[in-house]
Amino acid sequence: MDERQRLTDLYSQKTDEELQEIAAEGYSLSDVGRETLTAELARRNLPPMKVSEETTQIEYQDLVTIRQFRDVPEAILAKGLLDSAEIDSFLGDENIVRMDWFISNLVGGIKLKVRREDVEAANLVLQEPAPGELTEEDDDL
């Protein structure tokens, strides 16, 4: 069974409310998924999916690799630092390294990527020294 037919069958079994919930996150669907969902919404005379061009372009943003990590924990820590600074970031090849850490060097490690306009701010955040040991006085703050 091809993907289009599988999705047609799947969407035809959903309630109107379920389809509208899926449509609300239509930006996350594949092209075939969006086309199939649009056809099912039209068949049921439901409002069409509203997907702005901005949301469909998210996956094509100009991302720059600013760090590479061999191990998952280090990569997640760096991403967490950027998240806490409200800098959007993405870990490339994280899943493949999670599946088999031995090939991390083969794929070039886990790549921490940010938008081109965020490179300078992200590097500043990642270069900040780690805080020293916490004392009891720090707990009072």
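Asks: Tell me about the pattern of salt bridges, and please be specific about residues and values.
Replies: In this structure the tally under the stated criterion is 13 salt bridges. For D88, the salt bridge goes to R115, with nearest N and O atoms at 3.4 Å. Of this pair, D88 sits in the loop between α5 (72-84) and β2 (89-92) while R115 sits in strand β3 (residues 110-115); the two residues are 27 residues apart in sequence, bridging distant segments of the chain. Taking the relative accessible area as the measure of exposure, D88 reaches 49% and is therefore partly exposed. The salt bridge partner of R115 is E117, with a shortest N-O separation of 3.3 Å. According to the relative accessible area criterion, R115 is partly exposed, its value standing at 23%. Owing to a relative accessible area of 59%, E117 belongs among the exposed residues under this scheme. The network of salt bridges with common partners includes D16, E40, R43 and R44.

Asks: Explain the nonpolar core residue by residue, including any values.
Replies: The biggest cluster of nonpolar side chains holds 16 residues, and the ones touching the most others in it are I66, L82 and L112. Ranked by residues supplied to this core, first place goes to α5 with four residues. Discounting chain neighbours no more than four positions away, the residues touching I66 are L82, L112, V114, V119, A122, N123 and L126.

Asks: Tell me what's going on with the packing of α5 against helix α8 (residues 119-127), and back it up with residues and numbers.
Replies: Two numbers describe how α5 lies on α8: the axes approach to 10 Å, and their chain directions differ by 115 degrees. Like other packed secondary-structure pairs, α5 and α8 cross with a definite hand, here right-handed. In contact with A78, L81 and L82 of α5, α8 contributes A122, V125 and L126. For the contact of α5 with α8, the class distribution of residues is six nonpolar, no polar and no charged.

Asks: Describe the packing of helix α2 (residues 16-24) against helix α3 (residues 31-43), listing the residues and the values that go with them.
Replies: At a minimum axis distance of 11 Å, the contact between α2 and α3 shows a crossing angle of 140 degrees. Judged by the angle between their axes, α2 and α3 are oblique. Like other packed secondary-structure pairs, α2 and α3 cross with a definite hand, here left-handed. In this structure, α2 contributes L19, I22 and A23 to the contact, and α3 contributes L37, E40 and L41.

Asks: Break down the sheet that holds β2 for me, with residues and values.
Replies: Strand pairing in a sheet relies on backbone hydrogen bonds. The paired strands run either parallel or antiparallel. Pairing is antiparallel in the open sheet, where three strands are placed in the order β1-β3-β2. The sheet is open, and its two borders are formed by β1 (63-69) and β2, each paired with just one other strand. Neighbour-to-neighbour, the strand axes of this sheet turn through a mean angle of 30 degrees, independent of strand direction. Strand direction decides the pairing type here: β2 and β3, joined by four bridges, are antiparallel. Pairing of L91 across the sheet is with L112, part of β3.

Asks: Just give me the short version of α8, but keep the residues and values in it.
Replies: Among the residues making up α8, those that are buried are A122, N123, V125 and L126. Viewed along the axis of α8, the buried residues span an arc of 160 degrees, placing them on a single side of the element. Relative to its buried face, α8 has exposed residues pointing more than 90 degrees away, namely E120, L124 and Q127.

Asks: Please provide a residue-by-residue account of the environment of D71, values included.
Replies: With respect to the element layout, D71 can be found in the loop between β1 and α5. Spatially, the C-alpha atoms of D71 and N105 are 9.9 Å apart, while their sequence positions differ by 34 residues. At 3.1 Å, the side chain of D71 and the side chain of R70 are in polar contact.

How each quantity is defined
Residues numbered from 1 in each chain as written. Predicted model: local features only at pLDDT ≥ 70, side-chain atom pairs only at ≥ 80, totals over all residues. Heavy atoms only, no water. Salt bridge = Lys/Arg side-chain N within 4 Å of Asp/Glu carboxyl O. Helix = DSSP H or I, 4+ residues; strand = E, 2+ residues; numbered from the N terminus. Buried < 20%, exposed > 50% of the residue type's maximum accessible area, 1.4 Å probe, protein only. Core = buried A, V, L, I, M, F, W, Y, C linked by side-chain atoms within 4.5 Å. Contact = heavy atoms within 4.5 Å. Axes fitted to C-alpha atoms, helices over the stretch in contact; angles between N-to-C directions. Left-handed = near helix turned anticlockwise from the far one by under 90°. Nonpolar A, V, L, I, M, F, W, Y, C, P; charged D, E, K, R; others polar. Parallel < 35°, antiparallel > 145°, perpendicular 65-115°, else oblique. Pairing = 2+ DSSP bridges. Arc of directions from axis to C-beta. Polar contact = N/O pair within 3.5 Å; in protein donor to acceptor, adjacent residues only side chain to side chain.

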